[in-house]
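Read off the chains here:
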Amino acid sequence: MSPELTVEDDIAQPSDTLKIRFKGKNPFSVCEKFLDTLRDTMKVSSKDVVETDIRWDITGDPRTFYGMWAGRRKEDRWTTTTLRLIAQGSQSSKDLTGDISINVKGTIRTRYEFTNFIQKSFWWLFNFMFYYAARRRYFDFARDNLYEVREKILRQLQIYREE
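Residues numbered from 1 in each chain as written. Predicted model: local features only at pLDDT ≥ 70, side-chain atom pairs only at ≥ 80, totals over all residues. Heavy atoms only, no water.

Visitor: Help me out: how do you make sense of the layout of surface pockets in this one?
Guide: Summary: where empty space remains is shown by rolling a probe the size of a single water molecule over the atoms. Taken as a whole, the largest pocket holds about 420 Å³ of empty space. If you trace the largest pocket, you find 19 residues lining it, with Lys74, Trp78, Thr80, Arg109 and Arg111 closest to the centre. By residue number, the principal contributor to the lining of the largest pocket is strand β6 (residues 97–113), which donates five residues. Of the residues assigned to the lining of the largest pocket, the class counts are five nonpolar, five polar and nine charged. (1 Å grid on protein atoms, 1.4 Å probe; cavity = no way out; pocket = protein on both sides within 12 Å on 5 of 7 lines; lining within 4 Å. Points joined across faces, edges and corners; volume = space filled by probe spheres on them. Helix = DSSP H or I, 4+ residues; strand = E, 2+ residues; numbered from the N terminus. Nonpolar A, V, L, I, M, F, W, Y, C, P; charged D, E, K, R; others polar.)

Visitor: Would you mind going over the side chain of Thr37 with me for this structure?
Guide: Relative to the helices and strands, Thr37 is located in helix α1 (residues 34–42). A relative accessible area of 5% means that Thr37 is categorised as buried. A distance of 2.9 Å separates a polar atom in the side chain of Thr37 from the backbone oxygen of Lys33. Reaching out from Thr37, the side chain makes a polar contact with the side chain of Gln156 at a distance of 3.4 Å. Among all residues touching Thr37, those that are not within four sequence positions of it are Val149, Lys152 and Gln156. (Buried < 20%, exposed > 50% of the residue type's maximum accessible area, 1.4 Å probe, protein only. Polar contact = N/O pair within 3.5 Å; in protein donor to acceptor, adjacent residues only side chain to side chain. Contact = heavy atoms within 4.5 Å.)

Visitor: Sorry if this is basic, but what is going on with the pattern of salt bridges here?
Guide: Charged atoms that come close allow side chains of opposite charge to pair. Going through the model one piece at a time under the given rule, you end up with 12 salt bridges. Measuring nitrogen to oxygen at the nearest pair gives 2.8 Å for the salt bridge that ties Arg73 to Glu75. The pair formed by Arg73 and Glu75 is uniform in burial state, with each residue classed as buried. The closest approach of N and O atoms between Glu148 and Lys152, which form a salt bridge, is 3.5 Å. Residue Glu148 and its partner Lys152 are located together in helix α2 (residues 117–156), separated by four residues, close to a single helical turn. The partly exposed category is assigned to Glu148, whose relative accessible area is 31%. Ionic contacts of the salt-bridge type, sharing partners, join the residues Glu4, Arg111 and Glu113 into one network. (Salt bridge = Lys/Arg side-chain N within 4 Å of Asp/Glu carboxyl O.)

Visitor: Help me out: how do you make sense of the nonpolar core in this one?
Guide: Note that soluble globular proteins tend to have their nonpolar side chains buried in a common cluster. One finds Cys31, Phe34, Ile102, Val104 and Ile153 to be the most contacted residues of the largest nonpolar core, which totals 38 residues. Only β2 (17–25), α1, β4 (63–74), β5 (79–91), β6 and α2 provide two or more residues apiece to this core. The biggest single contributor to this core is α2, with 11 residues. Apart from the residues lying within four places of it in its own chain, the contact partners of Ile102 are Leu18, Lys19, Ile20, Val30, Phe34, Ile86, Ala87, Ile153 and Leu157. (Core = buried A, V, L, I, M, F, W, Y, C linked by side-chain atoms within 4.5 Å.)

Visitor: Sorry if this is basic, but what is going on with the packing of aromatic side chains here?
Guide: Aromatic rings considered in pairs are described by the distance between their centres and by the relative angle of their planes. In total, this model carries 16 aromatic pairs according to the counting rule given. Relative to Trp56, the ring of Phe28 lies with its centre 4.8 Å away and its plane at 65 degrees, an arrangement referred to as edge-to-face. Remark: Trp56 occurs in strand β3 (residues 49–57) and Phe28 occurs in the loop between β2 and α1; sequence separation between them is 28 residues. Since its relative accessible area comes to 38%, Trp56 is described here as partly exposed. Pairing Phe122 with Phe126 gives two aromatic rings, centres 6.0 Å apart and planes at 25 degrees, and the pair type is stacked. Residue Phe122 and its partner Phe126 are both found in helix α2; the two are separated by four residues, about one turn of the helix. Looking at Phe122, the relative accessible area reads 46%, which means it is partly exposed. Members of the aromatic cluster, connected to one another through ring pairs, are Trp78, Tyr112, Phe122, Trp123, Phe126, Phe130 and Tyr131. (Phe/Tyr/Trp six-rings, centres within 6.5 Å; stacked < 30°, edge-to-face > 60°.)

So, in structure tokens, the structure goes:
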């Protein structure tokens, strides 16, 4: 494996996360639509969105849950955008009321491979002089996607402001 130069930025700057909190009827129902939300917002195929983890603790009532979903889009040869949703909460099995906390995160990652110090210097210069504008466009588009995902989740929960 050859050495590499990696530049990674959090999309939701200055924080790394957009947070949504909800308390009410059937909070887990929004999680069932996360894959479609990521796919439609990022405009990627189904193979690029995954449910990486889902757990339920059914030993008590209310039942607690935890889940992670991710969508990945390859922007070009060097840059990849990733949006992640992390949900944690509880839901009663009797009346389906509960709460949920959702973290919406995103990163944009650019990776260059090189074999010697001359190529490494070239990549730094290329990134600074030419590729910065393209990467900035990817970043702005990814930020729009991040906020669109947040708005879709708020609409699905029927809340229109962050609590």
